[in-house]
Amino acid sequence: MKIYLKIWRQNDAGSPGKMVDYTLDNVILNMSFLEMMDTLNEQLVLAGDRPVEFDHDCREGICGQCGMMINGRAHGPVAHLTTCQLHMREFKDGDTIYIEPFRGKGFPIKRDLRVDRSAFDRIIMAGGFVSVNTGQAPEANGIPISHEDAESAFDSAACIGCGACVATCKNSSAALFTSAKIAHLAKLPQGEIESRKRALAMVQQMDDEQFGHCTNTEACEVECPQSISVLNIARMNWEYTLSKVLRNT
Amino acid sequence: MKLNAKIPPGPLKDKWTYYKDHAKLVNPANRKKLDVIVVGTGLAGSSIAASLAEMGYHVTSFCFQDSARRAHSVAAQGGVNAAKNYKNDGDSTYRMFYDTIKGGDFRSREANVYRLAECSAQLIDQAVAQGVPFGREYGGYLNNRSFGGVQVSRTFYARGQTGQQLLLGAYQALMRQVAAKTVSLFTRHEMLDVVLVDGKARGIIVRNLDTGEIERHTAHAVILASGGFGKIYYLSTLAMGCNASAIWRAHKKGAFMACPSWTQVHPTSLPQSGSYQSKLTLMSESLRNDGRIWVPLKANESRKPNDIPEEERDYYLERRYPAFGNLAPRDISSRAAKERIDAGFGVGPQQNAVYLDFSKAIQEQGKQKIKEKYGNLFDMYHKITATDAYTEPMMISPAAHFSMGGLWVDYELMTTIPGLFALGEANFADHGANRLGANSLLQACVDGYFVAPYTVSNYLSGEIKEPRLSVERQEFVDAEVVVRAHLSKLVSIKGSKTADHYHKTLGKLLYDYCGLSRSKEGLLKAIKGIRELRSDFYQNLKVSGDEDEMNGELEKAGRVSDYLEVAELMCQDALTREESCGAHFREEYQTPEGEALRNDEKFCFVSVWQYQGEGKDEILIPEPLKFENVELAVRSYK
Ligand SMILES: Cc1cc2nc3c(=O)[nH]c(=O)nc-3n(C[C@H](O)[C@H](O)[C@H](O)COP(=O)(O)OP(=O)(O)OC[C@H]3O[C@@H](n4cnc5c(N)ncnc54)[C@H](O)[C@@H]3O)c2cc1C
Ligand code: SF4
Ligand code: FES
């Protein structure tokens, strides 16, 4: 099938960007979206043009590296799916597709569709871990964890750090990402001990990175490829408030 | 050069203890004067970087992804092994050791494998302490399941995303150290050479992938944890960025390579559907716990799977390997699938797949139970194929998956270059000629958390008096010149074919002649083909853009240029091993029933290769394998 593409091209964070038109003639229904992009790039390289830079690696929805706005939606038209898992069968012959980078104050553009998501790493650095050194862990079955708690911690831990939640939020809030880590660790006895301190530090870092506030539109959950629940945000607010209150008394 | 594997003395079960008791220590005050470079932030890289930093060394860590959390380890679905015997089904360190040695077709070192099994229990403890949410029983205790090649349940899992959760644990430990400033982390940096000073590894040359700048970094020791190179087949289960460059460039600087031709082909990947395809997606092997594998009894069958009655199906694994059935090890299952597909019984539009059927399990256990166990895998299958595997069997096919070969390392995980270590999938150790499921996550973690902290310290204890080097030293300047010249060359060819074109062509050649089965004739053909392809590459490659900017095409071209050299050594390696073992099936050496025929008389060794310079044949140096604790047996899963 034939597809018309309008892709955001921008040399670097400092230069202006613009939408550029491309046409692809031989798109196959079973192609993944990124394979369609490969085909375009192959065409561009052979013509001596610079290919479109985009981030990707695993191509199976787990590394969190791919991500673009496709027709105005983070990761494209299907809910709860990464860009690499999107297939061209979701589009029709003759469609025009708009492709742009994930945008957000905390995500400066590097080139074309690549953005700098290192702010997420710095949020983790602020406290998204259990403070345990190697080589001294107690027997793993020493502290039983209920099946439900383990499963619920997993639900939160499953975040792949793709940034779709930020890109889709009108405030560019990183609340879903940050809260997922806070909730994951708070739900397990190993992480619970540090949970208040962690919430304060991670929320502070999130603000320092210029992510906006959460105003509960819940758009993030809709686009999140891992279906991370907004209830995590409630948990984050609870941990945060509790720690503020406890600190002030 | 004579190889010394440095296996500690004493009985098998005490060797590691003996080593730890005698390893030299570095005084905490001296540790801050010592720098270590770690290339890779997968399980092996993150865990060693965090561990060394916790001990007080200064660590510099690199990866090519935009975040350390995205290393390929993240993709592992199935699980991680540990001999905890929680199920009381007779598991023990020795049994795990034996299964692993046997699974690897008696082509790995006893001492290494025993240590792997010994440290496995500790790894689960470590991961749980870091907050890894492993599957739990209703009573609160850890759950586990079984994997190919074993008859006990020793695989721990976090749904179908164990690698992701283990990696997040290691990544978080790493980020904790980055925050504490004991680790300097460089993401989007690719290592392009190792720098030797007085014969020892003292630094690396890297390219900043965002800006194209070339940088020099120095240290007292260099650790490569750069993962596997199965992506050399182009279509593989690996991530797009996986490559051989780091280990290959170290090889050219003097680190020996071991058994490069041993690539595991995984039996449960999704089949290829077209030439545009960039990767093959793996469905976790754990599915074989409940899924039954079959093909139609009749060749070129056109009916839909659900229309084929039970008696017209061939459950070939259950038929050929009654003791292990659908849980036969990977090399055996992959070959059995290939055999059926080649004989015309393959299914799917390209007749290149077999069925993995859950109808019996769903009937017996209910859909809910199956959903709980493998739900995300079924979802993933649906996303990719638009098929509901709860009502129709999945279609699976073998795909290149894991490099058992890699840099040769001794018991200390040190390569033949002093001060250069290789951890995780980048080294050759532990798995022999075939890796059992769920042993790789384990090896990467054990190398990083529990082995290298001792062995690297032991090495560093001798380097305390070595000063920090200046990056202006001649050795660094020279290495940078070579790296720059190579990049310029790639950009300046200005031919008419893309890096992907060469990668795909090479992949097909390898898959056909150095894949699931090999023959002398085929391998000779492949070597000739690879040489022609390499020469074509340097005449007709096209890379657009420049070297001193972000340039994804140039990154690919650099990796493909290395693959074109690795491939030849793989074929050479396969050619000299005149026997069949594990993943290496030489058609000339098989039993009348078509099973692999090992030759312990002549080939009970590790094939170690020494680089001789551009265009020269490499030299083979065998490292004999001594089996003192197990008897070399025919590997039977019948
Ligand atoms: C789809 C899939 C499923 C799997 N499932 C399982 C499973 O269930 N159980 C199991 O035990 N094993 C599994 N494996 C195997 C296992 O995941 C890997 O062998 C293991 O994770 C490798 O870890 P590693 O740390 O050695 O390397 P990786 O995690 O691959 O990390 C490599 C690192 O090196 C970096 N790197 C590479 N080259 C360079 C360079 N030149 N410069 C800078 N950085 C570089 C990368 O950026 C990355 O950070 C699976 C593998 C695949 C492909
Ligand atoms: S919460 Fe969801 S959308 Fe946000 S980073 Fe995590 S996986 Fe991506
Ligand atoms: S490429 Fe890894 S999630 Fe899409």
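In this text, all values refer to a predicted model and were calculated from it rather than measured experimentally. (Residues numbered from 1 in each chain as written. Chains lettered and ligands numbered in written order. Predicted model: local features only at pLDDT ≥ 70, side-chain atom pairs only at ≥ 80, totals over all residues. Heavy atoms only, no water.)

(A) Broad picture of the packing of helix H14 (residues 499–513) of chain B against helix H15 (residues 520–540) of chain B. Residues and elements named next belong to chain B. The interhelical angle for the contact between H14 and H15, taken along N-to-C directions, is 175°, at an axis separation of 10 Å. Relative to H15, the element H14 is oriented roughly antiparallel. Each of Tyr 502, Thr 505, Leu 506, Leu 509, Leu 510 and Tyr 513 in H14 lies in contact with H15, whose residues at this interface are Gly 522, Leu 523, Lys 525, Ala 526, Gly 529, Ile 530, Leu 533, Asp 536, Phe 537 and Asn 540. Residues belonging to the contact of H14 with H15 are distributed by class as follows: 10 nonpolar, 4 polar and 2 charged. (Axes fitted to C-alpha atoms, helices over the stretch in contact; angles between N-to-C directions. Helix = DSSP H or I, 4+ residues; strand = E, 2+ residues; numbered from the N terminus. Parallel < 35°, antiparallel > 145°, perpendicular 65-115°, else oblique. Contact = heavy atoms within 4.5 Å. Nonpolar A, V, L, I, M, F, W, Y, C, P; charged D, E, K, R; others polar.)

(B) The arrangement of the sheet that holds strand S12 (residues 292–296) of chain B in detail. Residue and element names in this part refer to chain B. Taken together, 5 strands build an open sheet; the order of strands is S11-S15-S14-S12-S13 and the sheet is antiparallel. At either end of the open sheet lies a strand with only one pairing partner, and these are strand S11 (263–269) and strand S13 (313–314). Where S12 and S13 come together, 2 bridges link them in antiparallel fashion. From the neighbouring strand, Pro 296 faces S13, where its bridge partner is Arg 313. (Pairing = 2+ DSSP bridges.)

(C) Local environment of the packing of aromatic side chains. This model, assessed by the stated rule, comprises 25 aromatic pairs over all chains. The interplanar angle of 85° and the centroid separation of 5.1 Å between the aromatic rings of Tyr 502 of chain B and Phe 537 of chain B together place this pair among those described as edge-to-face. Within this pair, whereas Tyr 502 of chain B is found in helix H14, its partner Phe 537 of chain B is found in helix H15, the two being separated by 35 residues in sequence. There is no split in this pair, since Tyr 502 of chain B and Phe 537 of chain B are both buried. What links up through ring pairs into an aromatic cluster is the set Phe 107, Phe 120, Phe 177 and Phe 211 of chain A. Arg 577 of chain B extends its terminal NZ or CZ atom over the ring of Phe 605 of chain B, reaching a point 5.0 Å from the ring centre. (Phe/Tyr/Trp six-rings, centres within 6.5 Å; stacked < 30°, edge-to-face > 60°. Buried < 20%, exposed > 50% of the residue type's maximum accessible area, 1.4 Å probe, protein only. Lys NZ or Arg CZ within 6 Å of the ring centre and 35° of its normal.)

(D) Spatial organisation of the site of ligand 1. Residues and elements named next belong to chain B. With respect to spatial proximity, 38 residues lie near ligand 1, and among them Gln 65, Ser 73, Glu 425, Ser 440 and Leu 441 are the closest. Here an oxygen atom of ligand 1 sits 2.5 Å away from a polar atom, N or O, in the side chain of Gln 65. Out of a free accessible area of 1000 Å², ligand 1 has 98% covered by protein chains. Comparing atom positions with the cavity grids shows ligand 1 to sit within the largest cavity. Looking at the shell around ligand 1, the elements with two or more residues in it are helix H3 (43–55), strand S6 (189–197), strand S15 (394–403) and helix H12 (440–460). Residue composition of the shell around ligand 1, grouped by class: 17 nonpolar, 18 polar and 3 charged. (Near = heavy atom within 4 Å. Polar contact = N/O pair within 3.5 Å; in protein donor to acceptor, adjacent residues only side chain to side chain. Areas by Shrake-Rupley, 256 points an atom, 1.4 Å probe, with all protein chains shown as cover. 1 Å grid on protein atoms, 1.4 Å probe; cavity = no way out; pocket = protein on both sides within 12 Å on 5 of 7 lines; lining within 4 Å. Sits in = over half its atoms within 2 Å of the grid points.)

(E) Structural view of helix H6 (residues 162–179) of chain B. All names here are of chain B. End to end, H6 covers 26 Å across 18 residues, agreeing with the expected 26 Å (1.5 Å per residue, within 8%). The element H6 is largely enclosed, with a buried count of 17 among its 18 residues. Where H6 terminates, the next one or two residues include Lys 181, which has phi positive at roughly 65°. (Expected span 1.5 Å × (residues − 1).)

(F) Region of the structure containing the pairing of strand S8 (residues 214–218) of chain B. Residue and element names in this part refer to chain B. For S8, a buried count of 4 out of 5 residues is recorded, marking the element as mostly surrounded by other parts of the structure. Two elements, strand S7 (residues 200–208) and S8, share 5 bridges in a ladder whose sense is antiparallel. Bridging across to S8, Val 206 finds its partner in Glu 215. A loop of 5 residues connects S7 with S8, the two strands running antiparallel in sequence, and Gly 212 in this loop sits at a positive phi of about 80°.

(G) Fine view of the interface of chain B and chain A. On the side of chain A, 73 residues touch chain B, which itself brings 72 residues to the contact. Summed over both partners, the interface of chain B with chain A buries about 6300 Å², with 51% contributed by carbon and sulfur atoms. It is Arg 70, Arg 159 and Tyr 276 of chain B in chain B that bury the most area against chain A; as a group they hold 11% of the surface buried on that side. Across the chain B-chain A interface, the total number found is 7 salt bridges. The shortest N-O distance in the salt bridge between Lys 279 of chain B and Glu 60 of chain A comes to 2.7 Å. Joining chain B to chain A, the criterion identifies 42 residue pairs in polar contact (both at pLDDT 80 or more). Within the residue set of the side of chain B that touches chain A, elements represented by two or more residues are H3, helix H5 (110–129), H6, helix H11 (367–385), H12 and helix H16 (552–576) of chain B. (Buried area = accessible area lost by both parts, 1.4 Å probe. Salt bridge = Lys/Arg side-chain N within 4 Å of Asp/Glu carboxyl O.)

(H) Main features of the site of ligand 2. Residues in close proximity to ligand 2 include Phe 120, Cys 159, Ile 160, Gly 161, Cys 162, Gly 163, Ala 164, Cys 165, Leu 176, Cys 224, Pro 225 and Ile 228 of chain A, which together make up its full environment. Class assignment for the residues of the shell around ligand 2 results in 10 nonpolar, 2 polar and no charged.

(I) Representation of the pattern of salt bridges within the structure. All names here are of chain B. Inspection of every chain in the model, using the stated rule, returns 78 salt bridges over all chains. The partner of Asp 314 in a salt bridge is Arg 319, and the shortest N-O contact between them spans 2.9 Å. Judged by its relative accessible area of 48%, Arg 319 falls in the partly exposed class. Across the pair Arg 635 and Asp 331 runs a salt bridge whose closest N-O atoms are separated by 2.9 Å. Here the residue Arg 635 occupies a position in the segment after strand S19 (619–624), and Asp 331 occupies one in helix H9 (residues 330–345), the gap between them amounting to 304 residues. Residue class for Arg 635 comes out buried when judged on its relative accessible area of 13%. We classify Asp 331 as buried; its relative accessible area is 3%.

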